[in-house]
Every structure is written in structure tokens, then in C-alpha cells.
Amino acid sequence: MWDDAFPSFLIGLREGLEAGLIVSILVATLVRAGAKSRLPQVWTGVLAAVALAMSFGAVLTFTAASMSGTAQEAFGGTLSVIAVAFVTAMVFWMRRSARSLSGEIKEKVTGALAMGAGMLVATSFLAVGREGLETALFLWTTARAAGESTGPMIGAGIGIVIATGLCWGLYRRVLKINLTKFFTATGAVLIVIAAGVLGYGLRDLQEGGVLPGKSAYAVDLSQSIDPGSWYSTLVQGVFNLTPTMTWLQVVAYAGYLAVVMTLFVRGVRTVAVKSAKPVEPAKSAGSAESAEPAADGKPAEPGAAASRRPAWVIPVAVVAVPAVVAGAVVALGGSKPADAQTVAVSEKDCGKGFTAPKPGRQTFQMHNTGDKASEVYLIDPASNAVYGEIEGLAPGTTRDLVATVAGGSYAWRCVPTGGKAVTSASVRVSGGAAGKAVVPVSEADLAAPLTSYKQYVNQGLATLVAQTSQLSDDIAGGNLDTARTDWLTAHRTYASLGAAYGTFQDFDKKINGRTAGLPDGVNDKDFTGFHRVEYGLWHGQSASDLAAPAARLADDVTGLQKAFPTQDFDPADLPLRTHEILENTLQFELTGDADQGSGTTLATADANLAGTRELLGVLRPLLASRDAQLLPRVDADIDRVQKLLDSAHHDQSWTPVDKLDAAGRARLNGATGQLLEDLAPVPDLLEIRKSA
């Protein structure tokens, strides 16, 4: 939990110390001025600031909860970027102001004393309120990045408690801290953390469709780094660096860090070298002379007015007003989980508590009352079409299911793990157009497409066996020029079988192995397959050097052909591969990362596109009946990518991807990215949903 707690701990400590120092200076100034009777006004302002910060956090939380998934991504990403801007400004402001903070606050308090109770409340409210709003926003974004709130809240709480203790020690003059050095050190760490929050926020904006480049990956270490390992979790929690990052994330992270850290360090160096004395609020109050007019026993009219009203009125008002305003904002923002129906999920109680909802976007609180984990679907009982779903709802837990309800019939289907599927009584909703639902897909529905695709793969493997055998013969005979041509032919055949690579098991690593994770790179003994032969053919290795790798490639392909009929091909893999084939293409082929010297990654991309087209062909009937607009859009995207690839193919040669002009490369990446965006719904449309 500490990996998620540390960023919040640091912001709680730093912002808590800033706010605490301000409060300490306010209190010390009044005490030294002999105006202790005015202290309740300071605490009233502080209380108002805390209430405002907590209300702001509630508005963020409940507003986001009432949005669609895509809107939540866009909303969260926007606020993450705003939070980074606030934190950056705060870091630079405190670096400049640490020395003069006491004098500035004293001056404001002196002026407030002469203007009455209301002004002193406002002074303390404004001084502390900014820190509270910054803290609420940053904690909300870090909690959202962590995917849970417990760790960040615990971290922030510990930081605030420690900050409170430090401020008390400074006030009582039992501690001495060089605040300039403290804020400089924590500022540098916060800049690094903010860079990660910026990258995370931009990724959210990409997921929400606000920014492009969702599938344009600059880094993908998911195959070589375990995302669940302690070190990966630590790096992700503290720095928001993930094994897979897009180009936009990487450029923004590096650019922010380079620019902001440079300016911050340069600013630190330009500060005159002085022996920084610790800020001691108890000593740094304003002069008694300047404050005496407000403490001479002749209270001003505002003070007299205050004495005629109950002492609890203002504190209650300053807490109630932000809370009421926040409640109004949340109420006007749409459906809230607090207003949702609570619906039971279990074999015995499936759908209990469900009544006909109003048309519109609704949030249902699904509570598992059974003793087994369960899946639950909101369905049309007549067609079994699914309006919303939750997978893996643990016993005794509650999760929100958000769905748009329109005219039609609705029921709940509960599918406990290892248990019997149960469907609740249905309700009828009147008004509005018919709701949009996804007709479920069963394994039986995918049986025919799977059989057809297996036949395609078997035919392709038979061709591949002959082609790799010919390649091996070419090399054994010393015909390396012919081998280069035959290598590309065979590799394109293998690439066109992309949807099956997940079922090829260890054979894929042997046949199409890359150098990633190999300690000796291209010289590693475990570097085998097409790319090993490619490296040798285009890096001047002799026929004798390549004879063994080529023969091994041919043997591995033959072994795959024999093993494939007995390998397990999960029907659910078919819809997933429609997206994943070209996702890998964008990541490896269109970046040139897969090139081992032949310069033919665009030819491989062309084969991958052919494999995607073949896969969509066997799935076309299922897709057409579920989203009539999807296939025409995808077909147009495929034609666009195909034309761009064809323009890089001249006779028997292909333009290396790094030789494309900048505009052409951008068009190809953009067209492939758009195709990926339009293919993204396919796995959801054809997901196998349990009915028993």
C-alpha cells in the first residue's frame, strides 16, 4: 500500500506544513498583539477552508461517478493536468516565499485587525483555502491513478499529522527547521511525481478520445516486466510509470521533467547564499504597536455585532454553506450512486430490490448477498441482449453498474461461479426510444468461425512448411540472394496467421523470436527463427553460419504444423485478435523495432493487415447483426491503410519504414491508429457471456 501512499504522504506533509505555518503565524501574531479574543475568528476561517476542500473533493468524486466510462477518463485526465499545473505553481511559489512568508502574513493580519471580525475570518480562510483546494485536487488525482483510495488517504493523513506536529513544535519553539531547504528538497521530489501524474492524465485523455495516439506505443515492456511484481508496483505507484506508455506520455513526461526541473534547480542556485534561519511563528509576529489599535479595549462595531449573536452561528454557517453548495452541484450533476437502487446478486436473491427505473442514465448498486463470486448482467429477457454487466463480484461486496435505460423490458441475470444461472423477474420501462444493448455471444456462436479460421491456419502452415524448407535449401546451397527473397515470402506467410499466434505456445517464440530479454542480443544462443535468419542474411553472415538457424526454423515450423491440430484455440481469442494483430503492428513493424536489417517491416505490416481482413471475414456475420455501422467503417479504414502500404511497395522491394518521408509515415501511423480505434469495440461486441 505504501507505493500508492507515498505521493499523497508527500503532498499531505508539504501542503499541511504550508497551511500549518500560515495558521501558526496568524495565531502567533494575535497572541503577541494581545488579541487572543480574536483567535476564534482565525479558527472559523480555517474551518471554512477545510469544509470547502472536503466539499470540493466530494464534488469531484460524485460528479465523476455519474459519468460514462469514456467521460470519466476525459474528466479525470483534465483534472490531472490541472493538478499538475497547481502543484508546479505551488512548488515554485513556496521556494520563493519561504523566507518572506512570515512578514507577508503579519502584514495581512495587521490590516485585518483594523477592519473587524469578518476580515480576519476571510484572511485565514483565503490563506488556508488555497492549500486545501490544491490538496483535495491532487489527492483525488493520485487516488484515481492508484485505482483505490485507502492507500492515498492513509498516506495523506500521516503527512498531515506529521505536518501538524512540526508546526506545533515550531510554534512552541522546541523545533528548528530550515524551511528553505525543506521546501526545496520536497519540491524536487514533487516535480518528479507531478511528471508521472501528467503522463497518467494524458493517457486518460487519450482513453477518453480527447487526444489522439491511444495505440501509438513508444514503450512496451509488458512482455519482459511483470506488472504485479513489487518493483513494478512501486514504480507505478510512486512515479506513475507503467510498462506500456504511448509516445504522448513519454514526450510529455520527459519534456515536463526536463523543463520544470531545470527551471527549479536554476532558481535555487540564483538565490543568494544565506544562512537560512528557521521560521519560528511564535517569534515572527507583528509588532505590538501596529496591532494595538485593535486590542485597546475599544472593539469596533463589527465586534459589537458579533457579541450579540450566538458564538456557534458563524462556525456552523461556514461549514454548512460549502456542504450545501457541494450537495447542490452533485444533485444537479445527474444520477448518483447514493440515489441508486441496491440490487441483490445471488442464486437465491437475484434481482431483489429491483424496481422499474426512470428512463435515462442510471446507477445500480449491485450487492452480492451469496457466498460465491458472481457475474451479473442487466438484460432484455426476450432477447438476452446485455445492457450492462459486472464480472467477478465477490461475496459481500457492492459495486456500481451504470447503464442507460430507455423503453423496454429489463431483468437481472446472476451467474455464480460454479452455480446455476438465475434470471430475476422482469420490469417494463415506458418512454423514450429502445435502449441499445449487445446481443450476447456463446461459444456455439463462435464455433463455425473458429472452424473456418482453423482451416485457414492449417492451409497457411502447410504452405509455410514448404517455404521454410526451400529457404533452408537455399542457404545450404549457398544461394543467399535467393534466400533473401524466399525469406520474405515465408515470413509474410507466417505474419498473415497472426490471430493464431496466441495458440502457437512456445513455437511462436522459436519461429518469430526477437532479441528482447536476451542478455547477448543478436549473439544470444536463444535468438532463433525468422529474425535470426534475417539478421544473418542482411549482416553479411556466410551460408555456413546460417545453415543451422535456417534448418532449425524449418524444423520448428514442421513441429508447429503437427502440433497445431491438438493445441487449444480459445474461441474468445478470435474477437481479441482483430485488435491485437494491428496493435502489435503499430508497436513493432511501423516503428521499425522488429527490423533486423531487411528493411521489410512494411511488408510484414501488409501481411498482418491481410490476416486481420481474413479474421474479420469469418466474424462478419456476427458483427453485422450487432453493429451495422461498424463493418463499413472498418472496411474503409482497411482500404486506407492498404493504399498507404501499397505506395511503399515497388516491384519486389519495400521502402524501409525509416526511409518514409515524415508526412507519409504520419499518415500511415494515423490511419492504422484510426483503424485500431474502430476495431476496439469488436471484443466487447463478441465477448462470450455466461448464461449458465
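The structure displayed is predicted, hence computed values, not measured ones. (Residues numbered from 1 in each chain as written. Predicted model: local features only at pLDDT ≥ 70, side-chain atom pairs only at ≥ 80, totals over all residues. Heavy atoms only, no water.)

### Topic: the state of the cysteines
Working definition of a disulfide: a covalent bond connecting the sulfur atoms of two cysteines. Counted according to the given criterion, the structure contains 1 disulfide. Between the sulfur of cysteine 350 and that of cysteine 414 lies a disulfide, 2.1 Å long from S to S. Every disulfide takes its handedness from the sign of the S-S torsion; for cysteine 350 and cysteine 414 that torsion is 85°, giving right-handed. Of the two residues, cysteine 350 is situated in the loop between strand E3 (341-345) and strand E4 (360-368) and cysteine 414 in strand E8 (residues 408-416); the sequence distance between them amounts to 64 residues. (Disulfide = S-S within 2.5 Å. Helix = DSSP H or I, 4+ residues; strand = E, 2+ residues; numbered from the N terminus.)

### Quick look at the nonpolar core
Most often, soluble globular proteins keep nonpolar side chains buried together rather than apart. Tyr453, Ile475 and Leu623 are the most contacted members of the largest nonpolar core, which totals 67 residues. Excluding residues that lie within four positions of it along the chain, tyrosine 453 makes contacts with Ser496, Leu497, Gly498, Ala499, Ala500, Phe569, Leu574, Glu614, Leu615 and Val618. Judged by nonpolar contacts, the second largest core, of 32 residues, contains Val84, Val87, Val91 and Leu198. (Core = buried A, V, L, I, M, F, W, Y, C linked by side-chain atoms within 4.5 Å. Buried < 20%, exposed > 50% of the residue type's maximum accessible area, 1.4 Å probe, protein only. Contact = heavy atoms within 4.5 Å.)

### Side note on the pattern of salt bridges
A complete count under the given rule lists 11 salt bridges for this structure. Between aspartate 637 and arginine 640 there is a salt bridge, with the nearest N and O atoms lying 3.0 Å from each other. Of the two residues, aspartate 637 and arginine 640 are both situated in helix H20 (residues 630-646); the distance of 3 residues between them amounts to about one turn of the helix. Given the relative accessible area of 3%, aspartate 637 is considered buried. Here arginine 640 falls in the partly exposed class, since its relative accessible area comes to 40%. In this structure, a network of salt bridges that share partners links the residues Asp573, Arg577 and Glu580. (Salt bridge = Lys/Arg side-chain N within 4 Å of Asp/Glu carboxyl O.)

### Side note on the environment of valine 522
Mapping valine 522 onto the fold places it in the loop between helix H15 (506-511) and helix H16 (530-537). If we skip the residues at most four places from it in the chain, valine 522 touches Thr515, Phe527, Tyr535 and Gln596.

### Quick word on a nonpolar patch on the surface
On the surface, Ile154, Ile158 and Ile162 cluster together into a nonpolar patch covering about 230 Å² of accessible area. With respect to the helices and strands, the residue isoleucine 154 is situated in helix H6 (residues 150-171). (Patch = residues over 30% accessible without salt bridge, like charges linked within 9 Å, V, L, I, M, F, W, Y side chains within 5 Å. Areas by Shrake-Rupley, 256 points an atom, 1.4 Å probe, with all protein chains shown as cover.)

### Observations regarding helix H18 (residues 573-589)
Taken as a whole, H18 carries its principal kink of about 30° at histidine 579. In terms of residue burial, H18 counts as a mostly covered element, since 14 of its 17 residues are buried. (Bend = angle between axes of the 7 residues up to and from the residue.)

### What about the confidence of the model for the protein chain?
Per-residue confidence for the protein chain averages 80 on the pLDDT scale, and 78% of its residues sit at or above 70. The model gives residues 334-338 a pLDDT under 50, and that stretch makes 11 contacts with residues more than four places away or in other chains. (pLDDT = per-residue confidence, 0-100.)

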